[in-house]
Amino acid sequence: MTGYTIRQAWIASETGYDTVDVQIEGGRIANIAPQLDPVGTVVDGRDKLLLPGFVNAHTHSSELWQRGAILPYPLELWLAELYDFAPADPEQVYLSAIGTAVETLLSGGTTVVDHLTIMPGQELETIGAAVKGYREAGIRAFVAPLIQDQSLPSSIPTGGTAQVYEPYARTAQETLEMMSEAIAQFHRPDDGIYIVMAPTGPQLCSDELFAGCNELSDRHGLCRHTHLLESKAQKLLAEEKYGCTAVEYLKRLEFLGPRTSLAHCVWLNDHDIQLLAATKSTVVHNPLSNLRLGSGIAPILKYRQAGVNVTFGCDGSASNDSQDLLEAIKIGSILHNVTDFDYRHWITPRQAVSMAALGGATGLGMQDQIGSLEVGKLADLVLYDLTSLSLLPRTDPIGLLVLGRPVQAVHSAWVGGRQVIADGNMTTVNVHQLRQELFARSQWDVDRQSPTRDALEARYRSVMGLQGD
């Protein structure tokens, strides 16, 4: 593997910034010092800011094909629309994984957690297509097949009325067997590809499926990931089904822990927050999709004050509708200035950067390997051009990066010591060709109808207390 020396880059110090050289050898950070003898390829770091790569800690890559297509609906009805227009073949999954990787990398992320929608009857082909895309793009990828064993209508509270649901396409046992095969075929940490046990959420998964996920996770040392209390309807459903909160339910199932990350976490109470802190579980904050779907504002400042590890995710491109990680970090930081008027609790730009990098790594059990600029850690690094118009005039580099609107600011990026961006351009992906393929395989779709949403809308409005036509 080619070595690199980044010369005279700015890095954050405790009180300001230092100018240093950074050597990359064998895929890791070999040395950090003010002046080093160059090794390998020399990269000019003058007037540039070097940071650890961020983690896009929750997304759904295949939603790229529905970007901008779904009108404003709450989560449960939005999901019904999404289910009716899912990708139809593995080639689409492959292209959307590459697209997700490229957008993440160009906005400062070097790791992605893909809660991957899998096509019934083509489960392993779906996973393989995403893995292929991420390998080619060169991003570190935690592929988390989105698994469930209950049908979508069961995720809506019944309001006390009896309901009969169609069985799901796969049983819990069939799903767990499929995941065992996926682990055998695709889990390759040394190559930067990780399989994650990722049930959709308690609203669509049985106790049997969660127990099986725990067993496979423990046997193979895998991370765990799930949606948790994204919407008020999910809060009501948990009380209806379990007689307790969904957090208490996951604690009872022994799903929580240091290798568990939980997307959204909007509707938690104070006791729930203490449970997450005690189990060292990670919350993935997805502010843009929570706003887009009207789910609510997660009490992130409360989580941080309680000692809960928090990081950021873009969520899928049909509920955001972007994979701009810097945008998610900005909104996820300043959104909470209106939820707590004690400004001493507000998230500073430096805290936001740490949450996005080391916080994301911690949620994946990778805090000893990535997430900070330390000798011996994997070289997952991003170099920002401080002469970019969007990062001028010269004030505070990290303040500009987080609070501004950086555009084309990433100069270089490395993942495991492999340079994937140089001079602002992808080295692993022909972006022009990708754009052409995405355009050719899609079509304008502004007048579609969703029979699944139509079937669920009346019941949803009833149980949520929404009156009128």
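In this convention, every chain numbers its residues from 1, walking through the sequence in written order. Reporting in this predicted model follows two pLDDT cut-offs: at least 70 for local features of residues, and 80 or more for side-chain atom pairs to be given and counted; totals over whole chains, interfaces and linings ignore these cut-offs and use all residues. Think of the side-chain values as coming from all heavy atoms in the structure, minus any hydrogens and water.

1. A look at the overall build of the protein
Now for step 1: A count of helices and strands for the protein gives 15 helices and 19 strands.
Now for step 2: All radius of gyration figures rest on C-alpha atoms, and the globule criterion is 2.2 Å times the number of residues raised to 0.38. Its C-alpha atoms give the protein a radius of gyration of 22 Å, within 12% of the compact-globule value 23 Å for 469 residues.
Now for step 3: Projecting the C-alpha coordinates of the protein onto the three principal axes gives extents of approximately 75 × 50 × 45 Å.
Now for step 4: Considering the protein as a whole, with its 469 residues, one finds that 58% of them fall into the buried category.
Now for step 5: In this analysis, two residues are considered to be in contact whenever any of their non-hydrogen atoms come within 4.5 Å of each other. Counted over contacts in the protein with a minimum sequence separation of 6, partners at least 24 positions apart contribute 75%. Working definition: helices are DSSP H or I runs of at least four residues, strands are E runs of at least two. Numbering for both runs from the N terminus. In this scheme, a residue with accessible area under 20% of its type's maximum is buried, one over 50% is exposed, and one in between is partly exposed, where area comes from a 1.4 Å probe on protein chains only.

2. Points about the sheet that holds strand E14 (residues 282–285)
Working definition: the strands of a sheet are paired by backbone hydrogen bonds and lie parallel or antiparallel to each other.
Now for step 1: Pairs of strands are assigned from DSSP output, requiring at least two bridges between the strands. Strand order across the open sheet formed by four strands is E12-E13-E14-E15, with parallel pairing between neighbours. The strands lining the two open edges of the sheet, one partner per strand, are strand E12 (224–228) and strand E15 (309–312). Sheet twist, expressed as the average angle between the axes of neighbouring strands with direction ignored, equals 30°.
Now for step 2: Here strand E13 (residues 260–264) runs beside E14; their pairing, made up of three bridges, is parallel. Bridging across to E14, Ser 261 finds its partner in Thr 282.
Now for step 3: For every element, the axis is a line fit to its C-alpha atoms; helices are fit only across the contacting stretch, and the angle between N-to-C directions ranges from 0 to 180 degrees. Along the sheet, helix H12 (residues 349–363) makes contact with E13, E14 and E15, crossing E15 at roughly 110°.

3. Considering the pairing of strand E18 (residues 418–422)
Now for step 1: Here strand E17 (residues 410–415) pairs with E18 via three bridges, running antiparallel. Across the sheet, residue Val 415 finds its bridge partner in E18, namely Arg 418.
Now for step 2: Counted along the chain from E17 to the antiparallel partner E18, the turn is two residues long, and its residue Gly 416 has a positive phi close to 60°.
Now for step 3: Across two bridges, E18 lies against strand E19 (residues 425–426) in antiparallel orientation. Note on E19: the bridge partner recorded for Ile 421 is Met 426.
Now for step 4: Connecting E18 to the antiparallel partner E19 that follows it, the hairpin turn spans two residues, and Asp 423 within it adopts a positive phi of roughly 55°.

4. Focus: helix H8 (residues 270–279)
Now for step 1: Those residues of H8 that sit buried are Asp 272, Ile 273, Leu 275, Leu 276, Ala 277 and Thr 279.
Now for step 2: We define a polar contact as two N or O atoms separated by no more than 3.5 Å, with the added condition that, inside protein, one atom must be a possible hydrogen donor and the other a possible acceptor, whereas residues neighbouring each other in sequence contribute only through side-chain atom pairs. In this structure Asn 269 caps H8, since a side-chain oxygen of it lies 3.0 Å from the backbone nitrogen of His 271.
Now for step 3: The positive-phi residue at the C-terminal boundary of H8 is Lys 280, with phi of around 60°.

5. Quick word on the pattern of salt bridges
Now for step 1: Think of a salt bridge as a Lys or Arg side-chain nitrogen and an Asp or Glu carboxyl oxygen that are within 4 Å of each other. All chains considered together, the criterion is met by 19 salt bridges.
Now for step 2: Linking Arg 140 and Asp 380 is a salt bridge whose minimum nitrogen-to-oxygen distance equals 2.8 Å. Of the two residues, Arg 140 sits in strand E8 (residues 140–143) while Asp 380 sits in the loop between H12 and strand E16 (381–385), which places them 240 residues apart along the sequence.
Now for step 3: Taking relative accessible area as the criterion, Asp 380 reaches 3% and is therefore assigned buried.

6. A look at unusual backbone geometry
Now for step 1: A cis geometry characterises the amide bond from Asn 320 onward to Asp 321, with omega recorded as 5°.
Now for step 2: Here the bond from Leu 392 into Pro 393 is cis, since omega is 0°, no more than 30 degrees from zero.
Now for step 3: Checked against the element boundaries, Pro 393 lands in the loop between E16 and helix H13 (397–403).
Now for step 4: Within the chain, Gln 8 stands out as a residue other than glycine whose phi angle is a positive 60°.
Now for step 5: Along the chain, the position of Gln 8 falls in strand E1 (residues 4–12).
Now for step 6: Relative accessible area serves as the criterion here: at 23%, Gln 8 is assigned to the partly exposed category.
Now for step 7: Unlike most non-glycine residues, Gln 408 shows phi in positive territory, near 50°.
Now for step 8: Checked against the element boundaries, Gln 408 lands in the loop between H13 and E17.

7. Some details on helix H3 (residues 123–137)
Now for step 1: Here a helix's expected span is defined as the number of its residues, less one, multiplied by 1.5 Å. For H3, which comprises 15 residues, the first-to-last C-alpha distance of 22 Å matches the rise-based estimate of 21 Å (1.5 Å per residue) to within 8%.
Now for step 2: All buried positions along H3 are accounted for by Glu 123, Thr 126, Ile 127, Ala 129, Ala 130, Val 131, Gly 133, Tyr 134 and Ala 137.
Now for step 3: The positive-phi residue at the C-terminal boundary of H3 is Gly 138, with phi of around 90°.

8. Considering the sheet that holds strand E6 (residues 54–59)
Now for step 1: Read across the open sheet, the four strands follow the order E6-E7-E8-E10; overall the sheet is parallel. For this open sheet the edge positions go to E6 and strand E10 (193–195), each flanked by a neighbour on one side alone. Within this sheet the neighbouring strands show an average axis-to-axis angle of 15°, counted without direction.
Now for step 2: Pairing of E8 with E10, which is carried by three bridges, proceeds in the parallel orientation. By the bridge assignment, Val 143 is partnered in E10 with Ile 195.
Now for step 3: Of the strands in this sheet, E6 and strand E7 (109–114) touch helix H2 (residues 90–105), which is tilted by about 140° from E7.

9. Examining the state of the cysteines
Now for step 1: The disulfide definition used here is simple: a pair of cysteine sulfur atoms within 2.5 Å. Per the counting criterion, the structure on display carries zero disulfides.
Now for step 2: Note on Cys 205: no disulfide assigned, nearest cysteine sulfur contributed by Cys 213 at a separation of 7.1 Å.
Now for step 3: Between Cys 314, a free cysteine, and Cys 265, which holds the nearest cysteine sulfur, the sulfur-to-sulfur gap is 17 Å.

On their own, these measurements won't tell you what the molecule is for.
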